Amino acid sequence: MSHKRIPKRKAAAAVGAVAALGAAAILLPSANASQDGAPDGVAAAPKTLKAGDASDLATRLSGMLGDAYAGAWYDGEDKRLVVNVVRGEGGMALKARSAGAEVREVDNSMAELEAGAGTLKSEATIPGTSWAVDPRTNKILVTADSTVTGAEWDQLESTVESLGSGMATLKKSAGTFRTFASGGDAIFAGGARCSLGFNVTAGDGSPAFLTAGHCAAAGDQWSDQQGGEPIATVDQALFPGAGDFALLTYDDPATEAPSEVNVGGQTVPIVQAAEATVGQQVFRMGSTTGLADGQVLGLNATVNYPEGTVTGLIQTDVCAEPGDSGGSLFTQDGLAVGLTSGGSGDCTVGGETFFQPVTTALEAVGATLGDGGADAGQEAGDGEAGAEDQTGAGDQAGGDDQAGGQDAGAGQDGAGGQQGAQDGTGTDSGGHSGQDSGLTGTH
């Protein structure tokens, strides 16, 4: 991921994610045009939408439908936004159809689902658990990792049952929820390693970048090489609590901080921050495992890590491992979506993963994405990612640097704990095939 001052590192050291996946990542233009137009008084057929446009439509409908709105998700195969409308709200269903969404009538309102999540918070905040609303099932998806056993499992199961039939589903994860610190370009502090997420401009105009908040516990000063001179200093950080994000400002105000992600042999221009949509195809870049892809499963997720509870996260099935914390979650269209926080499993068996939304992180720290270049904005308007097709075969995941350090996510003041894997050892990134994406993820 090409995040820092350009001369500082060789391009190969930015993580050859494609080799980690075992195939080239190909960037293709996006050609999903929206379909508009219908006679007055007649509900339009569902529009064909890019994922970013679907997210915007979901936001508008959420406000338009009020209490009748019960969530939405993106159907990547048909490229449509599916909106849940509470059963019996025919007038609101017509409004949603007229706006271009596909409508599904459901029993659970968003208020009821959020109340259920509130009950879980008050009665079942147990380390190793998580929950998020899944609009595709119109239920709360509750997950417990392998550490939740005995009386704690009984308590969780009882709480889920108390919500009533059809309100929540409970599943067991084979892994253990943990932060994935140890991930784009590798950054180092105090023997710990994390990933740089996205370059931004701080409120005072200085160059900076976002990463995971739990990484900041490892130290205030961070380098782009293990044992190297510091290049950036922690300005703000939050973890645990209402997020997992940190803003680090570059020590040299002349640092070039391009708004792009290097995916191994090609770059994806990052043109703006965007809200995630359930069902959306997304890509994650990290210094341990390189590039992986998958789908958004839930929003506003609550995760109970050993270090504490974090709320407001994005839940996905994109794999990650220690060293990927803070890394970029983005789309083929160059939309910045999230920062890697943590989860369970790895890139061999998969698992659940959680991401800090970029939009809320930017708002909290008062920063703006990248340098706001006009060229990138034009590319976004054209619906293209804007990079030339290149392959990254032969690049090793992680480049030349050695990881060496401990994870920054557990053990010492919320940081440290596991040994970071060496860069270049990311084998199978476990990505899903990108159905609606120009970046093709394969095993």
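Model, not experiment: these values are computed from the prediction. (Residues numbered from 1 in each chain as written. Predicted model: local features only at pLDDT ≥ 70, side-chain atom pairs only at ≥ 80, totals over all residues. Heavy atoms only, no water.)

Next up on the list: the sheet that holds strand E2 (residues 80-86). Reading across from one edge, E1-E2-E3 is the order of the three strands in this open sheet, with mixed pairing throughout. The sheet is open, and its two borders are formed by strand E1 (69-75) and strand E3 (102-106), each paired with just one other strand. Between one strand axis and the next, the sheet turns through 25 degrees on average, direction left out of account. Summarising the sheet, E2 and E3 pair through five bridges and their orientation is parallel. Note on E3: the bridge partner recorded for Val85 is Glu105. (Pairing = 2+ DSSP bridges. Helix = DSSP H or I, 4+ residues; strand = E, 2+ residues; numbered from the N terminus. Axes fitted to C-alpha atoms, helices over the stretch in contact; angles between N-to-C directions.)

The six strands are arranged E12-E13-E14-E11-E10-E24 in an open sheet whose pairing can be described as antiparallel. Two strands bound the open sheet, and with one partner strand each, they are strand E12 (221-222) and strand E24 (368-369). Looking at chain direction, strand E10 (residues 198-201) and E24 are connected through two bridges and run antiparallel. In the sheet register, Thr201 faces E24, and the bridge partner there is Thr368.

Moving on, we come to the state of the cysteines. Note: disulfide means a covalent bond formed between the sulfur atoms of two cysteine side chains. Scanning the model with the defined rule gives two disulfides in all. Disulfide pairing is shown between Cys194 and Cys215; the S-S distance is 1.9 Å. As the torsion about the S-S bond is roughly -95 degrees, the Cys194-Cys215 disulfide counts as left-handed. Of the two residues, Cys194 is situated in strand E9 (residues 192-195) and Cys215 in the loop between strand E11 (207-211) and E12; the sequence distance between them amounts to 21 residues. Here Cys194 matches Cys215 in class, with each residue buried. Two residues, Cys319 and Cys347, share a disulfide whose sulfurs are 2.0 Å apart. Sign of the S-S torsion, about 90 degrees for the bond between Cys319 and Cys347, identifies this disulfide as right-handed. Here the residue Cys319 occupies a position in the loop between strand E20 (308-316) and strand E21 (328-330), and Cys347 occupies one in the loop between strand E22 (335-343) and strand E23 (353-357), the gap between them amounting to 28 residues. For the pair formed by Cys319 and Cys347, the shared burial category is buried. By sequence order of its bonded cysteines, the protein chain has the disulfide arrangement 1-2, 3-4. (Disulfide = S-S within 2.5 Å. Buried < 20%, exposed > 50% of the residue type's maximum accessible area, 1.4 Å probe, protein only.)

Okay, the environment of Asp145 next. Here Asp145 lies in the loop between strand E5 (139-144) and helix H5 (150-162). For Asp145, a relative accessible area of 1% gives the class buried. For the pair formed by Asp145 and Phe177, sequence separation is 32 residues and the distance between their alpha carbons is 6.3 Å. Among the polar contacts listed, one links the side chain of Asp145 to the side chain of Thr147, at a separation of 2.5 Å. (Polar contact = N/O pair within 3.5 Å; in protein donor to acceptor, adjacent residues only side chain to side chain.)

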